[in-house]
Amino acid sequence: MNTSTIAAIATAPGQGGVAIVRLSGPEAEAILMRLFRPAKKGEPVSHMLTFGHVTDGEATIDECMAVLMRAPRSYTREDVAEIQLHGGGYIAQRVLELCLRHGAELAAPGEFTRRAFLNGRIDLSQAEAVMSLIAAQGAQSHRAAMRQLKGGASSFIRKAADELYAIQAGVAACIDYPEEIDESEAAADMIPRTTALAAQIDSACDERAARILQSGLRVALCGQPNVGKSSLLNALLGEERAIVTPIPGTTRDMVMGDLLLGGSVIHLTDTAGLHATDDPVEQLGVARARRAMDEADLVLAVFDQSRPLDDDDRALLAELQGRNVLLVLNKADLAPALAPADLTALLPAGLPLDAPVLTVSAAEEATLAPLKAYLAEQAAVSDNLDLTQPRHVEAARRAARHLRQAAETARALSVDMASIDLQAAQLALSEITGDEVEERLLDRVFGMFCVGK
């Protein structure tokens, strides 16, 4: 049980229409009534907005609306009070200082949501969904956060945990009653069920999709100097983000910009031209370009279709092996000297001969529509994913590994020894929902929250 009352500013800093100061804890109502003077006298009614003034002694700080939400019908399942003020840094900070003076403690980051979790209103995966909802930059990540907030991850994990408990019960029965349940019989039941559960959990884990939902699709534009990478970046973003000149090698460092397509966030990175050079500054730019290619979810390999391929172009094609790549023929507004077949004929063994090739012109916006559609397709993530948080995927993968190890142990040693791995798998699943969780994990999760939520 939390015996302290916490307070924080719940709205973003800066000027705005409204600023909210939030209190939660056993003294929330008492502190509210020490500084709030309702326009009409009487006891505050729970969950009803009341007009009045915030005062500091005889001085009026602001006219405002206040609401008291008595436990357990509140976000934290504690008494919660909110004061809605005119937006502005000074007023909100002054009222927060009054709350602290009247007995409240300053809330830590995420402490309101942490109390909601500790008081059983939401599980840990739903608590993390609150932060994902706040951080959502597009419709896709918003939908995923709402699914998780409504219990999408919790439902999947609890079903898996229930199956695992059933498997453990069978193992325990074999251990406790060996004269009634033969070990080979128990193993024959446990091994296929454990293996099937591991496969089910693995199928729900998509690290790439989880990361794209959390941080967007990373796209690197790579190619020789002067093939139009910077012009293409500017055209996609609809703004002059990168400097463009006819001089080869103008871009020596990475230039970045974000694009929202189909409800998905796409991070574009324009890189220095890939070519052999003795210039130490250009060498640094080329090294960073290659690092951007290594870290990207998708590489846009850009070529100038108004000139034939040269050795540097062929060297770039050779570097594409093992990467998710889209070949882009730029400068379609000029006379062609290069065809898609010229590129696909030189593709390395790691890429299909029918690798996608698009012909565009950074100078003609209409030609960019297929490219934007392809980027949106690459960034799209299924709305049916059960696990959309990287932390959840990591814990689930760990649970699946323990399950597979349990099956191997049962085959090679005994069902009794396999129970250790089954327990480890159960703990890994419990980390996702917070049924079994260490304090340091809670500190890590809620430390990423903003103060006031």
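Look up a bit, the structure's there.
What you see is a predicted model; the values in this text were computed from it and never measured. (Residues numbered from 1 in each chain as written. Predicted model: local features only at pLDDT ≥ 70, side-chain atom pairs only at ≥ 80, totals over all residues. Heavy atoms only, no water.)

**Focus on the layout of surface pockets**
What counts is decided by this rule: Site definitions follow a grid-based scheme: protein atoms alone, a 1 Å grid, a 1.4 Å probe that fits but cannot get out for cavities, and for pockets an open set with protein on both sides within 12 Å along at least five of seven lines, plus lining residues having an atom within 4 Å of a point. Grid points are joined across faces, edges and corners, and a volume is the space filled by probe spheres set on the points. Secondary structure elements follow DSSP: runs of H or I no shorter than four residues count as helices, runs of E no shorter than two count as strands, and numbering proceeds from the N terminus. Side-chain classes follow a simple rule in which Ala, Val, Leu, Ile, Met, Phe, Trp, Tyr, Cys and Pro form the nonpolar group, Asp, Glu, Lys and Arg form the charged group, and the remainder, Gly included, forms the polar group.
There is about 390 Å³ of room inside the largest pocket. If you go around the largest pocket, you meet 28 residues; those closest to its centre are S132, A135, L213, Q214 and Q389. Secondary structure elements with two or more residues in the lining of the largest pocket: helix 4 (124-135), helix 5 (139-149), helix 8 (207-215), strand 10 (264-270) and helix 16 (439-446). It is helix 5 that contributes the most residues to the lining of the largest pocket, five residues altogether. Residue classes in the lining of the largest pocket are distributed as 12 nonpolar, 13 polar and three charged.

**Re the sheet that holds strand 1 (residues 6-9)**
The line we're drawing: By this definition, two strands are paired if DSSP reports at least two bridges between them. By the convention used here, residues are in contact when the closest approach between their heavy atoms is within 4.5 Å. Interaxial angles span 0 to 180 degrees and are taken between N-to-C directions of axes, which are lines fitted to C-alpha atoms, for helices over the stretch in contact.
Ordered by their spatial adjacency, seven strands build an open sheet running 3-4-5-6-2-1-7, and the pairing between neighbours is mixed. Edge strands, defined here as strands with exactly one partner in the open sheet, are strand 3 (36-38) and strand 7 (105-106). Two elements, strand 4 (residues 50-56) and strand 5 (residues 59-69), share seven bridges in a ladder whose sense is antiparallel. From the neighbouring strand, T55 faces strand 5, where its bridge partner is T60. Where helix 1 (residues 28-35) meets the sheet, its contacts fall on strand 2 (18-24), strand 3, strand 4, strand 5 and strand 6 (80-86), and the angle it forms with strand 3 comes to roughly 75°. Set on the sheet, helix 3 (residues 111-118) makes contact with strand 1, strand 2 and strand 7; between it and strand 1 the angle comes to about 135°.

**Examining the nonpolar core**
Condition: Working definition of a nonpolar core: buried Ala, Val, Leu, Ile, Met, Phe, Trp, Tyr and Cys residues. They are joined through side-chain atoms within 4.5 Å. Buried means the residue's accessible area, taken with a 1.4 Å probe over protein chains only, is under 20% of the maximum for its type, while exposed means over 50%, and partly exposed covers the values in between.
One finds M190, I201, L387, L403, L422 and L429 to be the most contacted residues of the largest nonpolar core, which totals 36 residues. At the level of elements, helix 6 (152-176), helix 7 (183-203), helix 14 (390-412) and helix 15 (415-433) are the ones that each hand at least two residues to this core. Excluding its chain neighbours within four sequence positions, the residues that come into contact with L403 are L164, T194, L197, A198, I201, L422 and A425. Counting residues in each nonpolar core, the second largest holds 29 residues, with L217, L236, L259 and V360 among its members.

**Digging into the packing of helix 3 against helix 16**
Note the cut-off: To sort the angles, those under 35 degrees are grouped as roughly parallel, those over 145 as roughly antiparallel, those from 65 to 115 as roughly perpendicular, and the leftovers as oblique. Here a crossing is called left-handed whenever its near helix is offset anticlockwise from the far helix by less than a right angle, and right-handed whenever the offset is clockwise.
Where helix 3 meets helix 16, the axes come as close as 10 Å, and the angle between the chain directions of the two elements is 140°. As far as their axial angle goes, helix 16 and helix 3 are oblique. Note that helix 3 runs across helix 16; the crossing there is right-handed. Residues T113, R114, F117 and L118 of helix 3 pack against E439, L442, D443 and F446 of helix 16. When its residues are assigned to classes, the contact of helix 3 with helix 16 shows four nonpolar, one polar and three charged.

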